[in-house]
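Results of the structural survey
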Amino acid sequence: DAGVIQSPRHEVTEMGQEVTLRCKPISGHNSLFWYRQTMMRGLELLIYFNNNVPIDDSGMPEDRFSAKMPNASFSTLKIQPSEPRDSAVYFCASSPLGKADTQYFGPGTRLTVL
Amino acid sequence: DAKTTQPTSMDCAEGRAANLPCNHSTISGNEYVYWYRQIHSQGPQYIIHGLKNNETNEMASLIITEDRKSSTLILPHATLRDTAVYYCIVRALRDSGYALNFGKGTSLLVTP
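Treat the numbers as computed from the prediction; the structure is a model and nothing was measured.

1. Here we look at the sheet that holds strand 1 (residues 5-7) of chain A
All names here are of chain A. As summarised here, the arrangement of the 4 strands in space is 1-3-8-7, forming an open sheet in which the pairing is antiparallel. Both edges of this open sheet fall to strand 1 and strand 7 (65-71), since each of them pairs with a single strand only. When strand polarity is set aside, the average angle formed by the axes of neighbouring strands in this sheet is 15°. Summarising the sheet, strand 7 and strand 8 (residues 74-79) pair through 5 bridges and their orientation is antiparallel. Looking at the pairing, S66 lines up with K78 of strand 8.

What follows is the structure, given as structure tokens:
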């Protein structure tokens, strides 16, 4: 099993640019989560999906952030336009049906907005 | 979710048992105790969870007090690779996905 796959692993961009982060969950998992981690705020949940449907997006900071899950094997988190305060490590996680308490995290994408 | 309290940091000598405490005095009857850890520059990793009985797996043991107001994660023979931030999370079990509130956790340093 390849685990949760995220790309890119590192992204450096300039303020105002669009950023797209990608995630491939573990095959067969039906829940997908996007988290953000900073030194100041720790790990924060941004949004999560069950069976490709967004369930709770209350953690999405503002309208500049959007997330999609077009199918069970792919999700994107987009920031448009990006700002320096968006700099963080973004993690994607997935969990299997019936074991929602066990979340498997990807390696993360380190985003730097200059 | 019940609030949890963990020490900010702990040290442990390599080869010794690491005992990480967690206080959750407001835990409800249907809430489980979960432990995750995050090694530097990696994503969080699930370790173990339990309701009221002690649990053991290949990674660790979880001891929950009889009144369920506190618990201890035990790494029986700590190695340098166990240096990480350990998160204690209390949450009701559900079938579908939901958020985990990681809090600040305990930073464990395993020394040679």
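2. What to know about the environment of B:A60
All names here are of chain B. Checked against the element boundaries, A60 lands in the loop between strand 5 (55-56) and strand 6 (61-64). Along the backbone, A60 and I47 are 13 residues apart, and their C-alpha atoms lie at a distance of 7.1 Å. Discounting residues that sit within four places of it in the chain, A60 has contacts with I47, I48, E55, L73, I74 and L75.

3. Remarks on the interface of chain A and chain B
Taken together, the contacts link 18 residues of chain A with 20 residues of chain B. For the pairing of chain A and chain B, the buried interface totals around 1500 Å² over both sides, and the portion due to carbon and sulfur atoms is 52%. Where chain A packs against chain B, one counts 0 salt bridges. Connecting chain A to chain B are 3 residue pairs in polar contact (both at pLDDT 80 or more). Counting only elements with at least two residues in the side of chain A that touches chain B, the list comes to strand 4 (29-38) and strand 5 (42-50) of chain A.

4. Some thoughts on unusual backbone geometry
A:P8 follows A:S7 through a cis peptide bond whose omega is -10°. With respect to the helices, strands and loops of the structure, A:P8 is situated in the loop between strand 1 and strand 2 (10-13). In this structure, A:P81 follows A:Q80 across a cis peptide bond, with omega equal to -10°. Looking at where A:P81 falls in the secondary structure, it is placed in the loop between strand 8 and strand 9 (88-96). Despite not being glycine, B:S41 has its phi angle at roughly 70°, a positive value. Residue position: B:S41 is located in the loop between strand 3 (31-38) and strand 4 (45-50). Classification of B:S41 as partly exposed rests on a relative accessible area of 48%.

5. Some details on the pairing of strand 3 (residues 19-24) of chain A
Residue and element names in this part refer to chain A. Sheet topology places strand 1 next to strand 3; 3 bridges connect them, and they run antiparallel. Across the sheet, the residue bridging to I5 is K24, located in strand 3. Relative to strand 8, strand 3 is paired through 5 bridges, and the arrangement is antiparallel. Looking at the pairing, C23 lines up with S75 of strand 8.

6. Focus on the packing of aromatic side chains
For the structure shown, the criterion picks out 11 aromatic pairs over all chains. Ring plane angle 85° and centroid distance 5.7 Å describe the contact between A:Y35 and B:F102, whose orientation is recorded as edge-to-face. Taken as a pair, A:Y35 in strand 4 and B:F102 in the loop between strand 8 (84-92) and strand 9 (106-111) lie in two separate chains rather than in one. In this structure, A:Y35 and B:F102 share a single accessibility class: buried. Here the aromatic rings of A:F91 and A:F105 are separated by 6.4 Å at their centres, their planes lie at 80°, and the arrangement is edge-to-face. You can see A:F91 sitting in strand 9 and its partner A:F105 sitting in strand 10 (residues 104-105), a full 14 residues away along the chain. With a relative accessible area of 2%, A:F91 lands in the buried category. We classify A:F105 as buried; its relative accessible area is 12%.

So, how was this worked out
- In every chain, residue numbers begin from 1 and rise along the written sequence.
- Written order determines the labels here, with chains lettered from A and ligands numbered from 1.
- The model is predicted, so local features are restricted to residues of pLDDT at least 70 and side-chain atom pairs to those at 80 or more, both for listing and for counting; the totals for chains, interfaces and linings are taken over all residues.
- Note that the side-chain values use all heavy atoms of the structure and ignore hydrogens as well as water.
- Strand pairing requires that DSSP identify at least two bridges connecting the strands.
- Note on conventions: DSSP H or I runs of at least 4 residues are helices, E runs of at least 2 residues are strands, and numbering of each starts at the N terminus.
- Lines fitted to C-alpha atoms define the axes, with helix axes restricted to the stretch in contact, and inter-axis angles between N-to-C directions lie between 0 and 180 degrees.
- Contact criterion: two residues are considered in contact whenever any of their non-hydrogen atoms come within 4.5 Å of each other.
- When two components associate, each loses some accessible surface as probed by a 1.4 Å sphere; the sum of these losses over both components is called the buried area.
- The rule for a salt bridge is simple: a side-chain nitrogen of Lys or Arg has to be within 4 Å of a carboxyl oxygen of Asp or Glu.
- Nitrogen and oxygen atoms within 3.5 Å of one another constitute a polar contact, given that in protein one can donate a hydrogen and the other can accept it, and given that sequence-neighbouring residues count only through two side-chain atoms.
- For every residue, the accessible area obtained with a 1.4 Å probe (protein chains only) is divided by the maximum for its type, and the residue is called buried under 20%, exposed over 50%, and partly exposed between those limits.
- Only rings of Phe, Tyr and Trp enter the pairing, Trp through its six-membered ring, and a pair is recorded when the two centres are within 6.5 Å. The plane angle decides the type: under 30 degrees is stacked, over 60 is edge-to-face, the rest tilted.

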